[in-house]
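This is what each chain is made of:
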Amino acid sequence: GTIDELDARISVCRACPRLVAWREEVATTGRRRSFAQEPYWGRPVPAFGDVDATRLIVGLAPAANGANRTGRMFTGDRSGDWLFAALHRAGFANQPSSMSAGDGLQLRGIRITAPVRCAPPANKPTTAEKATCAPWLERELQLSADTLRVILTLGGIGWDTTISTARTLGWEVPRPKPKFGHGARATLLTPNGPVELVGCYHVSQQNTFTGRLTESMLDDVLALVRELG
Ligand code: SF4
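The numbers attached to residues start from 1 for each chain and follow its sequence in the written order. A pLDDT threshold of at least 70 governs which residues receive local features in this predicted model, and a stricter bar of 80 or more applies before side-chain atom pairs are shown or counted, although totals over entire chains, interfaces and linings include all residues. Neither water nor hydrogens contribute to the side-chain values; these are computed over all heavy atoms in the structure.

1. What about the pairing of strand 3 (residues 110-113)?
Looking along a regular strand, one sees side chains alternate from face to face of the sheet.
Phase 1: Burial of the side chains of strand 3 extends over both faces: Ile110 and Ile112 are buried on one face and Arg111 and Thr113 on the other.
Phase 2: Whether two strands pair comes down to DSSP finding at least two bridges between them. Secondary structure elements follow DSSP: runs of H or I no shorter than four residues count as helices, runs of E no shorter than two count as strands, and numbering proceeds from the N terminus. Summarising the sheet, strand 1 (residues 48-49) and strand 3 pair through 2 bridges and their orientation is antiparallel. Residue pairing across strands places Gly49 opposite Arg111, the latter belonging to strand 3.
Phase 3: The pairing of strand 2 (residues 55-58) with strand 3 spans 4 bridges and is classified as parallel. When the bridges of strand 3 are listed, Leu56 appears paired with Arg111. Type-normalised accessible area, obtained with a 1.4 Å probe on protein chains alone, sets the label of each residue: buried when under 20%, exposed when over 50%, and partly exposed for intermediate values.

Following this line, the structure appears as structure tokens:
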């Protein structure tokens, strides 16, 4: 299979009843008033970006009125505004902002994915939902293994899922298990060579409003990701 085929299969997945119900409810009766006239995707969100990228960003899950609306990872909410502005400053994105699926946004040298593909209530997937969705990330890492050099995880869930997925794939992961933190690093050994894992606080408003994650912190991490990739 190819990445495009994988994305097509992901976008019709209905394996998690609670998330299927939530993503569809938000997309129909639960729309945010400011988006009431807009089409909502309301389905699992495939990865977005350059399919031949050497760098992969692993976030958390689509936001109910963000990627669950636009069908594109991180697009259409405050977290996405932050991330795409930084990706533009770092030379990975052709424009600094992104609100809808048809806005011409393109990524170069980087791709964005998530360990959970459907919007969860309160942005909190259950342990079972994380486990159910993990094989999609596994296939994605497998399919990108030839080119992949760096994985940037936004938040601890992305970090943990990437490490457990790497183990499932038979990649060598340092022991004891590397701990997530902002600026944390670890090297994963794949049959195609090393992949550098980099941790960064999530671009959620909880972190960006409080100054736990600043623009310069994110810029520094993206500069490292560029250098490593
Ligand atoms: Fe399928 Fe993942 Fe969505 Fe669950 S979260 S329904 S496994 S795509």
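2. Here we look at the nonpolar core
Phase 1: Nonpolar core, defined: a set of buried Ala, Val, Leu, Ile, Met, Phe, Trp, Tyr and Cys residues in which side-chain atoms within 4.5 Å join the residues together. Grouped together as the largest cluster of nonpolar side chains are 30 residues, with contacts concentrated most on Leu87, Ile112 and Leu152.
Phase 2: No other element matches helix 4 (residues 78-89), which puts 5 residues into this core.
Phase 3: We call two residues contacting when some pair of their heavy atoms lies within 4.5 Å. For Ile112, the contacting residues outside a window of four places in its chain are Ala47, Phe48, Ile57, Met73, Phe74, Leu83, Phe84, Leu87 and Leu107.
Phase 4: Ranked by size, the runner-up nonpolar core spans 18 residues in total, among them Leu141, Trp159, Ala166 and Val173.

3. With respect to empty space enclosed by the protein
Phase 1: Within this scheme a cavity is a closed region of a 1 Å grid, computed over the protein atoms alone, that accommodates a 1.4 Å probe without allowing it to escape, whereas a pocket is open but has protein on both sides within 12 Å along at least five of seven lines; lining residues each have an atom within 4 Å of a point. Grid points are joined across faces, edges and corners, and a volume is the space filled by probe spheres set on the points. Tallied over the full model, the rule gives 2 cavities of 30 Å³ or more.
Phase 2: Taken as a whole, the largest cavity spans an internal volume of roughly 100 Å³.
Phase 3: Around the largest cavity, the lining is made up of 13 residues, and of these Cys13, Ala15, Cys16, Cys118 and Cys133 lie nearest the centre.
Phase 4: Every element with two or more residues in the lining of the largest cavity is listed here: helix 2 (17-27) and helix 5 (127-144).
Phase 5: The wall of the second largest cavity is formed by Ile3, Val51, Ala53, Arg55, Leu56, Arg111, Ser144 and Leu148.
Phase 6: Considered class by class, the residues forming the lining of the second largest cavity number 5 nonpolar, 1 polar and 2 charged. Charged means Asp, Glu, Lys or Arg here, nonpolar means Ala, Val, Leu, Ile, Met, Phe, Trp, Tyr, Cys or Pro, and polar covers whatever is left, Gly included.

4. Some points on the sheet that holds strand 2
Phase 1: Pairing is mixed across the open sheet formed by 6 strands, whose spatial order is 1-3-2-4-6-5. Of all the strands in the sheet, just strand 1 and strand 5 (185-190) have a single pairing partner and so form its edges.
Phase 2: Axes, fitted as lines to C-alpha atoms, cover a helix only where it is in contact. Angles between the N-to-C directions of the axes lie from 0 to 180 degrees. The sheet strands contacting helix 6 (residues 156-168) are strand 2, strand 4 (150-154), strand 5 and strand 6 (193-200), and the helix crosses strand 6 at an angle near 160°.

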